[in-house]
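Chain residues, written in single-letter form:
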Amino acid sequence: MKSTATLLAALLLLAGCGHRLQESAPTTSTTGGSTGGTQANILVKGSVEEGPFVLGSSITVSEIDATGNPTGATFNAQTTDDLGQFSVSVAYSGPVSIEAQGYYFDELAGDVSTSTLTLQGIGALPTSGSAQVNVNVLTHLISGRVTHLMAAGQTVQAASAQAQAELVTALGLGGAGFTLSEPATTTSLAAGNTPDDAYLLAVSVLFMQVARTNAGADQVTATLQEGLNNARAAFASDGTLPSDTVNALHQAETVVEPDAIRAALSTRYAASVSGCAVPNVDEILDSDLDGVPNALDACPLVASDGGAANGICSYRHSTGPATWPNGSAWFVIGDFDGDGTPDIVQSMFTGGGTFWHGLGGGTMAAPTSTVTENFIGYAAADVDGDGKLDLLGSGNLSLTTILPQYAAWVPGFGDGGFGDMQAVIPTNVALPSPDADGGVGTFQCSGRFQLADLDGDGRQDAVAPCTENEDLATQANAVLIAMRLGDGGFDVPTRLDLPIDIAVSGVDIADFDGDGKIDIVVGSCGNEGCGGEVGSWWTPSGGLWIARGHGDGTFTVEALTTALGPIYPNLPMADVNGDGKPDLVVGYETTAGPSAIDVLINDGTGHFAVDGAYHLEGIPELSYNPVPQLYDFTGDGRLDLTLGLTVIPSQPGGWGTPQSIVISEQSTPGGGYFAFAVGDLDGDGHPDLAGLMEVTSPGQTGSTPELITVVVNPAGWHSW
């Protein structure tokens, strides 16, 4: 018995995009279908999607009997919007087959298809009220299996549940143990961001990608239809899929771009109705085929064990003009002009400084001159509390020398410009000498100073490695502390009481012993100074000291270890092993000559022990190479070690395989004085690199200095 359905457009809209269909009050009809007698009308509602079918696509609801065979009664309707939504009132209860035919939105092409596609779904209608029966790629793939199981005696509900579970197993998508929590007939691309909706989107785009790979330019939809129908037919008899079908779908996982898919659907939904939530297809797709869905994979483009990143997934670099310094030069990354985009400042003692305005995405404008000539900046901070980034560093008294002579800072104006240099610890400050003969000495502070509130007054005080003038050849041999005054200046410094005649190589500050007060860790090159040829520096007195803070600006010094060789400047401090306590990364010279790096794990009391799993040896001599820095370059939540353009990823219990960032131009990184700075150049939350290199481009004779910016992207395509 055949009946034409009444189209209920007013009841179609599903309370806006992003909601499941709700029950509606039934209407009454005496037009029956095959049931005979009086049957309350059932409102059948749903949506049709490969991508969403367009307005006017045809819908045919066909009665089927308990064995899955058609009875001959049909009800017809059309989709009423570009989301593929439809509604039809039928005087029938029991199993139905719904077939949809029409043009659809191709989420890979970002446009409407040029040919029509036909999809099928099997559902069951209640004796009263309404029913949701969506038609999509999942319902199409299991439809043949459902009718096969119904013919064997199962109900439509039981057959659908079994077929759906078998399909998930056969496809092998979504990671180990993935299951669908609701029937495919209620899953929709526009119904919300749930794992089930994401699964539907993933299966749809993978079949589409296989079709695009196999089809000619004008045959995508025809090839898609063929692929879906062949998979449905193969799946129907035993609930499995041919291996070549499954392999092709997994290969498609490595090709599709989730961000582009989401963007295309978002644009489509925005043109149809507001409020649609695009499913996160990364919850299902596994782009590197390592068994971990992208959303759970720290490095979704590099296959890894258990989703733990073992390297940088991708990076890109750009070059720009720069000036090769005559002496020391450092790079600092920060938003110095207040436009929300990171900039780069290079400063050097001779030749002045250079400012690169950030254009976004890691690209820089042409350089301009900035920063006074007799200053070198190591880091950025808001020293004066005006909300603008300033530069922390060292100054000297003469443009004829390249040696730093006192700790200083340069105020930033917030527009890319900088003011005059301000002394933190002035040169030639007179203090009691640390030498054995006592007396008064004059000091110069040449190393990187640190800022922290040492006495709890809310002001940032300064800690700096310094050198007595008579011992300049042996580098720093004291640590000076300058407390911050209420007017923003710094008080006359005091000297930390360290052992006599040690050569201080660097300092770091943190609450190392967990008492809520700032401590100071001091590294030493040994009692013969921090100079000489490679292999000649090692002395038993090279090691570490800790000055335990009392919270009032005073300290008690104790030795931590002298088991290491002479320690190089700059002690990176961070929680390396993830236990919430600050650890130290120490570079030092060994008795055999080659440099080494160790991680000293903090036990929480400010006592440290070398963790052999983090030992690195044979590193090019550190004093003339980029300083070690600790940042999460691989996106796995662990801090990695970087030396210039070499990243050594951290793995549970130790370091992974070093990974070199390759610059396409023939180039040689600059030495230690031209170390690469680390900062977020493109605003994606991941650290990037900037530094100076001598570059020889293909076909070029000789080399030129270039600013190198490297945008690191551990998440592969996400945010390119």
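Along each chain, the written sequence defines residue order, and numbers are assigned to residues from 1. Where totals are concerned, whole chains, interfaces and linings use all residues; where local detail is concerned, this predicted model gives features only for residues with pLDDT of at least 70, and gives and counts side-chain atom pairs only at 80 or more. Side-chain measures here rest on the full set of heavy atoms in the structure, leaving out hydrogens and waters.

**What about the overall build of the protein chain?**
Counting from the N terminus, the helices are the DSSP runs of H or I reaching at least four residues and the strands are the DSSP runs of E reaching at least two. The helix and strand tally for the protein chain stands at six helices and 49 strands. Expressed as a percentage of its 720 residues, the buried residues of the protein chain come to 56%. Contacts are residue-level and defined by heavy atoms, with any inter-residue pair within 4.5 Å sufficient. Of the contacts made within the protein chain by residues no fewer than 6 positions apart, 57% connect residues no fewer than 24 positions apart. The Shrake-Rupley method, run with a 1.4 Å probe sphere, supplies the accessible areas, and residue values consider only the shown protein chains as cover. Per element, the accessible surface of the protein chain, about 27200 Å² overall, is 52% carbon and sulfur. Buried means the residue's accessible area, taken with a 1.4 Å probe over protein chains only, is under 20% of the maximum for its type, while exposed means over 50%, and partly exposed covers the values in between.

**Considerations on the sheet that holds strand β45 (residues 659-660)**
Whether two strands pair depends on DSSP finding at least two bridges between them. Pairing within the open sheet is antiparallel, and its four strands lie in the order β40-β41-β42-β45. One side of each edge strand has no neighbouring strand; the edge strands of this open sheet are β40 (629-631) and β45. By the bridge criterion, two bridges tie strand β42 (residues 646-648) to β45 in an arrangement that is antiparallel. Across the sheet, Thr646 pairs through a bridge with Ser660, a residue of β45.

**Some details on the sheet that holds strand β23 (residues 406-410)**
Taken in spatial order, the four strands make up an open sheet running β21-β22-β23-β24, and their pairing is antiparallel. The two strands at the open ends of the sheet, each matched to only one other strand, are β21 (375-381) and β24 (422-425). With strand direction ignored, the average angle separating the axes of adjacent strands in the sheet is 35°. Where β21 and strand β22 (residues 390-395) come together, six bridges link them in antiparallel fashion. Counterpart to Gly377 in the pairing with β22 is Gly393. Axes here refer to lines fitted to C-alpha atoms; in helices the fit is confined to the stretch in contact. Angles between the N-to-C directions go from 0 to 180 degrees.

**Some details on the packing of aromatic side chains**
Pairing of aromatic side chains here covers Phe, Tyr and the six-membered ring of Trp, requires ring centres within 6.5 Å, and sorts the geometry by plane angle: under 30 degrees stacked, over 60 edge-to-face, intermediate tilted. Across all of its chains, the model carries seven aromatic pairs by this definition. With a centroid separation of 5.0 Å and an interplanar angle of 15°, the aromatic rings of Phe178 and Tyr199 are classed as stacked. You can see Phe178 sitting in the loop between α2 (156-171) and α3 (195-214) and its partner Tyr199 sitting in helix α3, a full 21 residues away along the chain. We note that Phe178, like Tyr199, is buried. With 5.1 Å between their ring centres and 80° between their planes, Tyr614 and Trp655 make a pair best called edge-to-face.

**A short note on the packing of α3 against helix α5 (residues 243-253)**
Running from amino to carboxyl end, α3 crosses α5 at an angle of 95°, the nearest separation of the two axes being 9 Å. Judged by the angle between their axes, α3 and α5 are roughly perpendicular. In this structure, α3 uses Leu206, Phe207, Gln209 and Val210 to contact α5, whose residues at the interface are Ala248, Leu249, Ala252 and Glu253. Throughout this entry, Asp, Glu, Lys and Arg are counted as charged residues, while Ala, Val, Leu, Ile, Met, Phe, Trp, Tyr, Cys and Pro are counted as nonpolar. The remaining residues, Gly among them, count as polar. Broken down by class, the residue content of the contact of α3 with α5 amounts to six nonpolar, one polar and one charged. Geometric relationships in this document are graded by angle, where less than 35 degrees denotes roughly parallel, more than 145 denotes roughly antiparallel, 65 to 115 denotes roughly perpendicular, and other angles denote oblique.

**Considerations on the nonpolar core**
If you look at soluble globular proteins, the nonpolar side chains tend to sit buried side by side. Counting residues in each nonpolar core, the largest one holds 78 residues, and the members touching the most others are Ile98, Leu125, Tyr199, Val203 and Phe207. Ranked by residue count, the leading element in this core is α3, at twelve residues. We call a set of buried Ala, Val, Leu, Ile, Met, Phe, Trp, Tyr and Cys residues a nonpolar core when their side-chain atoms join them within 4.5 Å. Counting 18 residues, the second-largest nonpolar core is a separate cluster that includes Leu392, Ala407, Phe443 and Ala482.

**Details of the pattern of salt bridges**
Side-chain pairs of opposite charge can arise where the charged atoms are in close proximity. Salt bridges are counted wherever a side-chain nitrogen of Lys or Arg sits within 4 Å of a carboxyl oxygen of Asp or Glu. Tallying each qualifying case throughout the model produces nine salt bridges. In this structure, Arg459 and Asp457 form a salt bridge, with 3.1 Å as the shortest nitrogen-oxygen distance. Note on Arg459: relative accessible area 33%, which makes it partly exposed. Look at the salt bridges and you will find they share partners, linking Asp259, Arg262 and Asp282 into a network.

**Comments concerning the pairing of strand β41 (residues 640-643)**
Burial along β41 is two-sided: the residues Asp640 and Thr642 and Leu641 and Leu643 are all buried. As judged from the three bridges shared by β40 and β41, these two strands associate in the antiparallel manner. Bridge assignment links Tyr631 to a residue of β41, and that residue is Asp640. When β41 meets β42, the two strands line up antiparallel, connected through three bridges. In the strand pairing of β42, Leu641 is matched with Ile648. Hairpin connection from β41 to β42: two residues lie between these consecutive antiparallel strands, with Gly644 at a positive phi of about 65°.

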